[in-house]
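The chain contents come next:
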Amino acid sequence: MYENFSLKPYNTFGIEVSAKYFTEITNTEELKNALNFSDVQTLPILFLGGGSNILLTQDFDGLAIKLDLKGITEENRTENEVLITAKAGENWHNFVMYCLKNNYGGLENLSLIPGNVGTSPMQNIGAYGTEIKDVFVNCKVLNLETLGIENFDLEKCRFAYRDSIFKQEGKGKYVILEVTFKLTKKDHIIKTEYGAIQSELEKMGIQNPTIQDISKAVIHIRQSKLPDPKIIGNAGSFFKNPTIPLVQFEVLKQKFENIQGYPNGNQVKVPAGWLIEQCGWKGKQIGNVASHQLQSLVIVNATGNATGKEIFDFSTMIIDSVKEKFGIELEREVNII
Ligand SMILES: Cc1cc2nc3c(=O)[nH]c(=O)nc-3n(C[C@H](O)[C@H](O)[C@H](O)COP(=O)(O)OP(=O)(O)OC[C@H]3O[C@@H](n4cnc5c(N)ncnc54)[C@H](O)[C@@H]3O)c2cc1C
């Protein structure tokens with residue numbers, strides 16, 4: 001157990017804040033001991049995975065627990081199906097690479113997403129036409145109230161766009177210990193229709209892509225347009241893409257003829273990046289904080305010296321200006337601590 005411990009290396013924004021107490025756990029027993037310590041001391045708890053989806057706005061006056069449970073196991077189900085279980089502390093991208101090395105399909109479009117496996121169900125991570133819910137079987141969690149182990153299947157997780165029960169009524173009630181996915185062994189479903197995958201494959205001279213080719217294409221695209229947190233602090237997309245009623249979209253379309261939207265029934269998903277850009281934020285810097293010049297949805301710690309509060313205030317200014325221009329309220333995707 002460490003005291004007054006800097007969390008700077010544990011959040012991809014690179015914010016300098018400290019936790020009153022900090023510990024790293026590698027198994028459930030250690031986790032229970034840490035929980036017992038926080039209970040006796042009556043401390044709030046902050047669970048840390050890769051720290052790539054949090055904004056730390058102040059010193060944490062409690063116990064930060066870095067979840068470092070490791071291990072991957074496999075269970076063959078059918079000739080074409082394998083169940084893979086990874087512990088919470090496994091790095092997400094390394095896990096995807098492990099699956100691809102073994103020619104297991106289903107996660108290739110999610111290559112290079114930062115963070116850990118245990119956090120992937122929190123917001124049903126997604127990219128390039130795939131979300132984990134597409135291949136998710138269940139996750140094992142520790143119930144923080146009863147200290148009992150529970151299983152959450154697909155239905156119980158209530159996955160939605162960048163959302164799950166763990167961000168709603170289950171928030172703060174469970175620690176995800178491991179996640180099981182159902183992957184294909186040979187008849188892989190190749191998804192190339194989303195974003196620039198198809199054109200990237202053409203550039204690579206590939207006509208009949210394998211799952212490994214899809215992963216390479218996704219990695220190239222991501223590296224070309226998303227800032228690397230090791231170089232400039234960020235947490236990826238800061239906001240969710242808002243969904244608005246079709247009637248509201250049609251009214252906006254009359255005023256802003258270039259507005260983009262992806263209809264789904266009588267709702268339309270609007271790219272938050274486009275809305276933010278239209279309000280003049282792309283590449284704009286105020287003090288230590290900026291909207292990234294290639295991707296306005298990403299807020300960056302431009303000087304490396306930003307405080308969490310500065311970033312939070314910057315995000316509020318963006319929300320206010322989008323609301324004023326379009327009447328659309330952006331929601332933060334990043335967890336504010
Ligand atoms: C450059 C960049 C690109 C990104 N691109 C994408 C993308 O394409 N798609 C996407 O969906 N996301 C993306 N993200 C966001 C982020 O990578 C994901 O949300 C990821 O799943 C966060 O994992 P983490 O382990 O870093 O979470 P952390 O930031 O450590 O934690 C996030 C929240 O979950 C809690 N938590 C952590 N682990 C557990 C656990 N085991 N049990 C219970 N609670 C836990 C934390 O307390 C915190 O509230 C991107 C981020 C960056 C920096």
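Bear in mind the structure is a predicted one, so any value in this text is a computation, not a measurement.

**Notes on the pattern of salt bridges**
- Here the structure, examined in full by the defined rule, presents 15 salt bridges.
- Linking K133 and E131 is a salt bridge whose minimum nitrogen-to-oxygen distance equals 3.4 Å.
- What makes K133 partly exposed here is its relative accessible area of 32%.
- For K133, the salt bridge identified is with D134, shortest N-O distance 3.3 Å.
- Overlapping salt bridges bring together E131, K133, D134 and K191 as one network.

**With respect to the UniProt feature "domain: FAD-binding PCMH-type" (unreviewed entry) in the protein chain**
- The sites that UniProt annotates as "domain: FAD-binding PCMH-type" (unreviewed entry) are residues 14–186.
- The span residues 14–186 carries 16% helix and 37% strand; its end-to-end C-alpha distance comes to 41 Å.

**Brief notes about the site of the ligand**
- Taken together, 32 residues form the shell around the ligand, and within it F47, G50, S52, T119 and G126 come nearest.
- For the ligand, an oxygen atom lies 3.5 Å from a polar atom in the side chain of R162.
- Across the complex, the protein chains shield 93% of the 990 Å² of accessible surface that the ligand would expose by itself.
- Mapped by element, the contributors of at least two residues to the shell around the ligand are β3 (45–48), β8 (126–127), β12 (174–184) and β13 (233–237).
- Across the shell around the ligand, the residue classes break down as 16 nonpolar, 14 polar and two charged.

The rules behind these values
Residues numbered from 1 in each chain as written. Predicted model: local features only at pLDDT ≥ 70, side-chain atom pairs only at ≥ 80, totals over all residues. Heavy atoms only, no water. Salt bridge = Lys/Arg side-chain N within 4 Å of Asp/Glu carboxyl O. Buried < 20%, exposed > 50% of the residue type's maximum accessible area, 1.4 Å probe, protein only. UniProt positions renumbered as here; feature names shortened; annotations may be inferred. Helix = DSSP H or I, 4+ residues; strand = E, 2+ residues; numbered from the N terminus. Near = heavy atom within 4 Å. Polar contact = N/O pair within 3.5 Å; in protein donor to acceptor, adjacent residues only side chain to side chain. Areas by Shrake-Rupley, 256 points an atom, 1.4 Å probe, with all protein chains shown as cover. Nonpolar A, V, L, I, M, F, W, Y, C, P; charged D, E, K, R; others polar.

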